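If you want the building blocks of each chain, they are given just below.
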Amino acid sequence: MCCRGFLFLRSKIELPPICPNVRLKHQHQHRITVDNLPPDVRARFATDKVMPLRTKTVKEFQEDIERATVSGDWKHVHDFYLTTFGSFLELNAAFKKDASPLFNTIEDSGINTKFINAVYDALSLTPPDAQRAVLKGIINSLLREWKGRRTKDDLRAYFILVQNPQCTSPATYVIYAHLLRQIAALAEADHYFLMHWFKKLSQKRFKQLVERLHLFISTRLFPVKPEELPPMAKCSWWIPSATKVLSLLNAANIISSTPILPFVDFYNPTLDHTDFMEDYRIWQTQGNSTRFTFCQFAFILSTVVKKAVIQKDSEQQMISMARQSLVDKVSRRQRVDMSLLFLNIKVRRLQLVSDSMDELTRNRADLKKKLKVSFVGEAGLDMGGLTKEWFLLLIRQIFHTDYGMFTFFNDSHCHWFSSWKCDNFSEFRLVGVLMGLAVYNSITLDISFPPCVYKKLLTPPVVPCDLDLPVGMATLTLDDLQQVMPDLSHGLAELLSYEGNVEEDFCTTFQVSQEELGVIKSYNLKPGGDKIPVTNQNRKEYVQLYVDFLLNKSIYRQFTTFYYGFHSVCASDALMLLRPEEVEILVCGSPNLDMSSLQKAAQYEGYSKTDPTIRAFWDVVLGFPLKFQKRLLHFSTGSDRVPVGGMADLNFKISKIDASTEWLPISHTCFNQICLPPYKNKKELKQKLTIAISNAEGFGLE
């Protein structure tokens with residue numbers, strides 16, 4: 001019997017009997033191994049697979065589809081799909097650009113993307129048996145390739161299979177889950193390759209992959225027809241595997257020079273309806289252990305979930321602080337005053353900043369209690385309106401350019417920390433505390449910080465135990481400087497791209513100057529910087545040091561105090577879940593306006609939604625350009641941004657005032673309320689409303 005029919009294992013492993021009595025005849029003789037067989041008898045090792053030659057082109061495949069569509073004979077196409085998807089080897093043979101090069105680089109997967117797209121796009125046009133052939137081939141491929149060391153050809157096969165559009169149907173989810181499981185189980189180095197290959201996909205294909213994974217996770221969590229899927233107890237690994245693969249796509253999106261998708265596209269809104277606090281609790285206690293939690297992959301959690309986690313975490317800390325105060329009073333047999341359950345701030349309007357600083361310093365131990373504000377000499381119970389008014393007045397005063405703490409850049413429309421030096425930076429701590437209290441108490445602030453402030457605020461996200469360690473020293477680039485000082489950023493970009501002699505033409509050294517309280521001061525970017533010329537060779541270093549000086553070092557003491565102020569209130573593990581952009585949304589709200597949603601959520605006092613004045617109001621507002629819609633929101637609420645929960649969370653109210661129609665509309669920003677006289681017609685309402693919202697900046701609060 002010929003030995004060529006057997007697939008022999010590696011050397012030193014015994015061969016199966018060649019015929020029934022062979023082992024008996026040679027049982028006392030030298031055993032047969034691969035090593036002592038002649039070369040012409042040996043079979044190929046599994047690791048020495050030869051890739052079959054497949055020469056079909058995109059054009060030929062498309063012609064096959066066209067012929068099959070006309071003739072109705074799909075056998076040729078069916079065989080192509082069955083063969084191609086039958087093994088990892090065949091997938092590479094069909095779709096690899098060239099069979100000989102290894103393509104072992106992160107920059108090029110070596111895959112003919114155009115051919116893959118054509119094959120997958122045509123799949124939905126084929127008869128069911130051809131589509132089943134693909135699924136059958138994938139099953140065989142995954143079973144065959146489950147064990148063993150991965151090669152780059154294996155990674156290419158996974159890269160091809162995960163793009164299969166059939167994986168949108170629950171009927172294919174068992175197969176899809178096993179594919180995701182194998183990808184998730186790959187080594188870190190293999191994930192690194194896949195991540196870089198993913199970022200090379202077109203936006204359309206990349207988005208399809210993300211949406212497919214989201215659908216898989218959502219369907220597994222809340223199946224429309226549970227009987228279509230295995231019991232959750234038998235496939236608990238499905239969601240972790242899918243989430244890990246989704247994390248590769250998220251990483252690819254982050255490392256791409258320009259994000260392929262906005263980060264919000266990685267949110268899964270289905271998770272808003274899960275027990276995310278239990279998930280957070282497990283993550284808090286077990287961290288990034290082997291037990292899966294969504295908090296390990298925070299990119300998938302929406303801002304709504306993260307805000308809710310922070311709020312509930314804050315509430316628990318508030319309750320804990322209040323309970324401790326109560327216990328302390330009782331243990332000392334002192335009279336219990338309910339005011340001890342709150343952070344009570346009492347201020348005079350004319351000494352708003354100094355009184356606020358004194359109160360927050362005096363009540364430093366109570367910052368995590370529920371905030372209650374009162375103004376000296378004014379009757380009134382704080383039901384939220386006084387707290388919001390305090391925030392608005394204080395922020396406006398502190399950020400006013402005359403106050404000197406912050407500089408406003410007209411080109412970028414943002415505030416930045418003044419770099420002047422002083423002995424006391426406590427007022428910067430006050431701003432940090434205010435921002436922390438706003439997040440803690442769910443107040444949206446009208447602050448115009450550039451995005452890099454929130455990057456710095458999360459560097460690190462948890463206050464280090466060693467107070468000597470630097471904080472707020474984020475790694476920032478020209479793109480970050482562009483959002484603060486666009487003209488300077490443009491000039492530095494020109495320096496980097498200049499093709500002439502930088503040293504001779506720019507005559508610049510590693511020393512920079514800036515104005516501080518009317519005085520020009522010079523600083524070396526590195527030791528002896530005033531003697532080191534900027535050249536073509538060192539200009540990148542110069543630009544990076546300059547950016548670091550402007551955004552980090554020159555304001556280090558100011559920002560450090562600000563950082564500790566914020567974290568004195570918001571010290572929470574939940575901050576580790578947040579991106580800088582999400583911190584900004586929590587502090588300032590979202591810039592995305594939807595006036596139709598505001599109309600649906602609006603409340604009325606003295607009017608009904610069918611009154612002519614109200615109908616005219618919404619006709620005018622919905623017809624406003626975005627600029628005027630933002631002005632209206634700012635006029636009514638004190639901010640042109642929307643809370644995390646959307647327009648419904650504003651509790652926007654339109655009230656009727658019995659006043660002359662010559663009056664302009666009035667707003668009560670503390671209560672998100674606008675008051676309208678009963679204007680005679682739409683034209684008059686539009687005219688009065690436009691005047692009011694266009695001239696409200698700088699006016700006092702009602």
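If you're wondering where the values come from, they're calculated on a predicted model, not measured in any experiment. (Residues numbered from 1 in each chain as written. Predicted model: local features only at pLDDT ≥ 70, side-chain atom pairs only at ≥ 80, totals over all residues. Heavy atoms only, no water.)

Some points on the pattern of salt bridges
When the charged atoms of two side chains with opposite charge come close together, those side chains can pair.
Thinking step 1. Considering all chains together, one arrives at 24 salt bridges under this definition.
Thinking step 2. Put simply, Asp64 and Arg67 hold a salt bridge, and the shortest N to O gap is 2.5 Å. A residue pair is termed a helical-turn pair when its members lie 3 or 4 positions apart in one helix, as Asp64 and Arg67 do in helix H2 (residues 58-71) at three residues.
Thinking step 3. With a closest N to O distance of 2.9 Å, Asp121 and Arg205 form a salt bridge. (Salt bridge = Lys/Arg side-chain N within 4 Å of Asp/Glu carboxyl O. Helix = DSSP H or I, 4+ residues; strand = E, 2+ residues; numbered from the N terminus.)

Quick look at the environment of Phe88
Thinking step 1. With respect to the helices, strands and loops of the structure, Phe88 is situated in helix H4 (residues 88-95).
Thinking step 2. Distance from Phe88 to Asp154, taken between C-alpha atoms, is 6.3 Å for residues 66 residues apart in sequence.

Remarks on the environment of Ala474
Thinking step 1. Within the secondary structure, Ala474 sits in the loop between helix H17 (451-457) and helix H18 (478-482).
Thinking step 2. Taking relative accessible area as the criterion, Ala474 reaches 8% and is therefore assigned buried.
Thinking step 3. The spatial distance from the C-alpha of Ala474 to the C-alpha of Lys455 is 6.6 Å, given a sequence separation of 19 residues.
Thinking step 4. Filtering out sequence-adjacent residues up to four positions away, Ala474 remains in contact with Lys455, Lys456, Thr459 and Asn552. (Buried < 20%, exposed > 50% of the residue type's maximum accessible area, 1.4 Å probe, protein only. Contact = heavy atoms within 4.5 Å.)

Quick word on unusual backbone geometry
Thinking step 1. The linkage connecting Thr459 with the following residue, Pro460, adopts the cis geometry, with an omega of -5°.
Thinking step 2. Following the sequence through the fold, Pro460 ends up in the loop between H17 and H18.
Thinking step 3. The phi angle at His413 is positive, at roughly 55°, despite the residue not being glycine.
Thinking step 4. Relative to the elements of secondary structure, His413 occurs in the loop between strand E3 (406-409) and strand E4 (414-417).
Thinking step 5. Overall, the relative accessible area of 56% leaves His413 in the exposed class.
Thinking step 6. The backbone of Asn651 shows a phi angle near 55°, a positive value even though the residue is not glycine.
Thinking step 7. Relative to the helices and strands, Asn651 resides in the loop between helix H26 (626-637) and strand E8 (653-656).
Thinking step 8. According to the relative accessible area criterion, Asn651 is partly exposed, its value standing at 48%.

Some remarks on the sheet that holds strand E7 (residues 603-605)
Strands in a sheet are paired, the pairing made by backbone hydrogen bonds, and the direction either parallel or antiparallel.
Thinking step 1. Spatial ordering of the open sheet is given by E7-E8-E10-E9, a layout of four strands whose pairing is mixed. In this open sheet, the two strands that pair with only one neighbour each are E7 and strand E9 (666-668). Neighbour to neighbour, the strand axes of the sheet diverge by 25° on average, direction disregarded.
Thinking step 2. Note: E9 against strand E10 (residues 673-676), three bridges, orientation antiparallel. Within E10, the residue paired with Ile666 across the bridge is Cys675. (Pairing = 2+ DSSP bridges. Axes fitted to C-alpha atoms, helices over the stretch in contact; angles between N-to-C directions.)

Details of the UniProt feature "active site" (unreviewed entry) in the protein
Thinking step 1. With numbering matched to this structure, UniProt assigns "active site" (unreviewed entry) to Cys670.
Thinking step 2. The class for Cys670 is buried, based on a relative accessible area of 8%.
Thinking step 3. When sequence neighbours within four positions are dropped, the list of residues in contact with Cys670 reads Gly385, Lys388 and Glu389. (UniProt positions renumbered as here; feature names shortened; annotations may be inferred.)

Quick word on the nonpolar core
Thinking step 1. Counting 167 residues, the largest nonpolar core has Phe198 and Trp390 as its most contacted members.
Thinking step 2. The leading source of residues in this core is helix H16 (residues 426-440), at ten residues.
Thinking step 3. Not counting residues within four places of it along the chain, the set of residues in contact with Phe198 comprises Phe159, Val162, Phe206, Leu209, Leu248, Leu249 and Ala252.
Thinking step 4. Counting 27 residues, the second-largest nonpolar core is a separate cluster that includes Met595, Leu632, Phe652 and Ile654. (Core = buried A, V, L, I, M, F, W, Y, C linked by side-chain atoms within 4.5 Å.)

Section: helix H8 (residues 173-184)
Thinking step 1. Taking 1.5 Å of rise per residue, the twelve residues of H8 would be expected to cover 16 Å, and the 16 Å separating its terminal C-alpha atoms lies within 8% of that figure.
Thinking step 2. A large share of H8 lies buried, amounting to nine of its twelve residues.
Thinking step 3. For H8, the complete set of buried residues consists of Tyr173, Ile175, Tyr176, Ala177, Leu179, Leu180, Gln182, Ile183 and Ala184.
Thinking step 4. Of the surrounding secondary structure, the elements contacted by the buried residues of H8 are helix H6 (128-144), helix H7 (152-161), helix H9 (188-198), helix H10 (203-221) and helix H11 (238-255). (Expected span 1.5 Å × (residues − 1).)

Quick notes on the packing of helix H19 (residues 486-497) against helix H21 (residues 539-551)
Thinking step 1. Their axes nearest at 9 Å, the elements H19 and H21 cross at an angle of 165°. One way to sum up the angle between H19 and H21 is to call them roughly antiparallel. Along this stretch, H19 crosses H21, giving a crossing that reads as left-handed. Where H19 abuts H21, its residues Leu488, Leu492, Leu495, Leu496 and Ser497 lie against Arg539, Lys540, Tyr542, Val543, Tyr546 and Leu550.
Thinking step 2. In the contact of H19 with H21, the residues fall into eight nonpolar, one polar and two charged. (Parallel < 35°, antiparallel > 145°, perpendicular 65-115°, else oblique. Left-handed = near helix turned anticlockwise from the far one by under 90°. Nonpolar A, V, L, I, M, F, W, Y, C, P; charged D, E, K, R; others polar.)

Structural notes on the packing of aromatic side chains
Thinking step 1. Under the counting rule described, the total for this entry stands at 47 aromatic pairs.
Thinking step 2. Among the aromatic residues, those joined into a ring-pair cluster are Phe399, Phe406, Trp416, Phe417, Phe425, Phe428, Phe449, Phe559 and Phe562.
Thinking step 3. Above the plane of the ring of Trp237 lies Arg181, whose end atom (NZ or CZ) is 4.2 Å from the centre.
Thinking step 4. One Lys or Arg, Arg220, reaches over the ring of Trp238 and ends 5.7 Å from the middle of that ring. (Phe/Tyr/Trp six-rings, centres within 6.5 Å; stacked < 30°, edge-to-face > 60°. Lys NZ or Arg CZ within 6 Å of the ring centre and 35° of its normal.)

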